[in-house]
Amino acid sequence: MIEVDARGVVEFTQALVRIPSTNDPAKGRSELPAAELVAARMREWGWEPVVYEAAPGRPNVVAVVEGGGGDGPTLMFEGHTDVVTEGDLSTWTVDPFGGEIRDGRLWGRGSADMKSGLAAALYATRALQLAGPFPGRIKVCALADEEGLMIGAHHFVEQGLAADVDGAVVAEPEAGEICAVAKGALRLRVDLTGKMAHGAMPQHGRNPIQAVGTLLVALRGLQEELQGRHPAHEHLGEVYVTPTVVSAGTEEQVNVIPATASVFVDVRTIPGVDHKEVTDTVAALAAADGITAEVTVLVDRPPVDVPLDTPVVAALAAAHRDVTGEDPVYGGVPGSTDGTVLTHWGGVPSVVYGPGGKWIAHQADEYVEVDEIVRCTRVFAETARRFLNGELS
């Protein structure tokens, strides 16, 4: 078994958690300090990280660690440096940016999602490097804005940095599950335009709010139709079509029929669902009763479905078995990750696996088990060794 720096990876996780790396310009916050800490640790080890500006003040950090053992594949470890807001402090029983260790757990925002996973990726790569030469190379990447529009991952792909990557491990918290599938996300804005009129004379207008009601009922029918055509996925569950925002009119003018209304829709898909078909269907459902409709695609992230015999998945499964002594458990990512971008836009087979509970992300009193950080670091190191040496079973 490759020896890892158990104390170092835990302390580095604490240091990352103590940085409030939310994207909040009003509070002077961004990923920058966390990215700088990652780059500094890489330099301490003799690596040569390159910093790319995905957006002003929002850097990606990428280091390539050559194995020195001859030609071979390229493995990517990926994590993100941003975290979601801590929210209402009164809901926390610990300092959200304290990095406290208590009861065998490391507490704080980002502890699970996903600073422990990022730390595990760095320290696993360092452990393999210290263990001796290996073929190929490891590309260690700390990207910005996973919690937003994933501009870091998109920038990484657009810069051609994914072109030489043969497989990627995305270190999101999955409670020990190996997730080679992930749900797709399609977010739509539907703008409905009618004709403004006085509330006392509705016959002179065309009320888009009534079209909103019709559309909301139709969206439920669309969900049922999609679920009928696409049975629930073993790991990802059902297709969902969920209206999340409805806006029209103003409280100050309740006697006015508004000219416009908007509906925002969050569609979560499974493999086999065609996003363009869904978008076109929503547009057709929205246009009725003399109301015009315009559909804007805000986010389009197709589902991920990487076969289990793909080398990066097989290496991870074998490493999990070796380190834990347990058979791998396969699952699915209920949302999307940077792996979605890497796979669909970068052409990189990706798998998601990392320390932390699957459902603890974004909650108050977020935590990760300390033992799980160390165990995952060992799994990552063994995954890299197996993948780069072609030992997949």
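Structure: see above.
Rules behind the numbers
- Residues numbered from 1 in each chain as written.
- Predicted model: local features only at pLDDT ≥ 70, side-chain atom pairs only at ≥ 80, totals over all residues.
- Heavy atoms only, no water.
- Pairing = 2+ DSSP bridges.
- Helix = DSSP H or I, 4+ residues; strand = E, 2+ residues; numbered from the N terminus.
- Axes fitted to C-alpha atoms, helices over the stretch in contact; angles between N-to-C directions.
- Contact = heavy atoms within 4.5 Å.
- Parallel < 35°, antiparallel > 145°, perpendicular 65-115°, else oblique.
- Left-handed = near helix turned anticlockwise from the far one by under 90°.
- 1 Å grid on protein atoms, 1.4 Å probe; cavity = no way out; pocket = protein on both sides within 12 Å on 5 of 7 lines; lining within 4 Å.
- Points joined across faces, edges and corners; volume = space filled by probe spheres on them.
- Nonpolar A, V, L, I, M, F, W, Y, C, P; charged D, E, K, R; others polar.
- Buried < 20%, exposed > 50% of the residue type's maximum accessible area, 1.4 Å probe, protein only.
- Phe/Tyr/Trp six-rings, centres within 6.5 Å; stacked < 30°, edge-to-face > 60°.
- Lys NZ or Arg CZ within 6 Å of the ring centre and 35° of its normal.

**Describing the sheet that holds strand β9 (residues 184-193)**
For sheets, the rule is that strands pair by backbone hydrogen bonds, running either parallel or antiparallel.
Piece 1. Spatial ordering of the open sheet is given by β11-β13-β9-β14, a layout of 4 strands whose pairing is antiparallel. Looking along the sheet, the strands with just one partner apiece sit at the ends: β11 (240-248) and β14 (292-301). Strand after strand, the sheet turns through a mean of 20° between neighbouring axes, direction not considered.
Piece 2. Relative to β11, helix α5 (residues 208-229) is tilted by about 170°, and along the sheet it contacts β9, β11 and β13 (260-269).
Piece 3. Along the sheet, helix α6 (residues 275-286) contacts β9, β13 and β14; its crossing angle with β9, the most-contacted strand, is approximately 20°.

**With respect to the packing of helix α1 (residues 6-17) against helix α3 (residues 111-131)**
Piece 1. Closest axis-to-axis distance for the α1/α3 pair is 9 Å, and the angle between their directions is 135°. Relative to α3, the element α1 lies oblique. As α1 runs across α3, the sense of the crossing is right-handed. Listed contacts from α3 to G8, V9, F12, T13, L16 and V17 of α1 are S111, K115, S116, L118, A119, A120, L122 and Y123.

**Notes on the environment of T377**
Piece 1. Within the fold, T377 resides in helix α9 (residues 370-389).
Piece 2. Remark: the alpha-carbon pair of T377 and H362, spanning 15 residues in sequence, is separated by 23 Å.
Piece 3. Setting aside chain neighbours within four positions, we find T377 in contact with V4, V9, A120, Y123 and A124.

**Notes on unusual backbone geometry**
Piece 1. Between D113 and M114 the backbone carries a cis peptide bond, its omega angle lying at -10°.
Piece 2. Along the polypeptide, M114 turns up in helix α3.
Piece 3. Unlike most non-glycine residues, H362 shows phi in positive territory, near 75°.
Piece 4. Within the secondary structure layout, H362 lies in the loop between β17 (350-352) and β18 (367-369).

**A short note on empty space enclosed by the protein**
Piece 1. Counted under the stated rule, the structure contains 1 cavity of 30 Å³ or more.
Piece 2. Reported here for the largest cavity is a volume of approximately 40 Å³.
Piece 3. The wall of the largest cavity is formed by C179, A180, V181, A182, V304, V333, T337, G339, T340, S350, V351 and V352.
Piece 4. Broken down by secondary-structure element, the contributors of at least two residues to the lining of the largest cavity are β8 (177-182), α8 (338-344) and β17.
Piece 5. The biggest single contributor to the lining of the largest cavity is β8, with 4 residues.
Piece 6. Broken down by class, the residue content of the lining of the largest cavity amounts to 8 nonpolar, 4 polar and no charged.

**Side note on helix α4 (residues 151-158)**
Piece 1. For α4, the complete set of buried residues consists of G152, A153, H155, F156 and V157.
Piece 2. Contacts from the buried residues of α4 go to β1 (50-55), β2 (58-66), β3 (74-80), β6 (137-143) and α8.

**Structural notes on the packing of aromatic side chains**
Piece 1. A full pass over the atoms with the stated rule returns 6 aromatic pairs.
Piece 2. Here F77 and F380 contribute two aromatic rings whose centre-to-centre distance is 5.2 Å and whose plane-to-plane angle is 40°, an arrangement assigned as tilted. Of the two residues, F77 is situated in strand β3 and F380 in helix α9; the sequence distance between them amounts to 303 residues. In this pair, the class of F77 matches that of F380, namely buried.
Piece 3. Among the aromatic residues, ring-to-ring pairing joins F12, W45, W47 and Y123 into one connected group.
Piece 4. R102 extends its terminal NZ or CZ atom over the ring of W107, reaching a point 5.1 Å from the ring centre.
Piece 5. The side chain of R105 reaches across the aromatic face of Y367, ending 4.0 Å from its centre.

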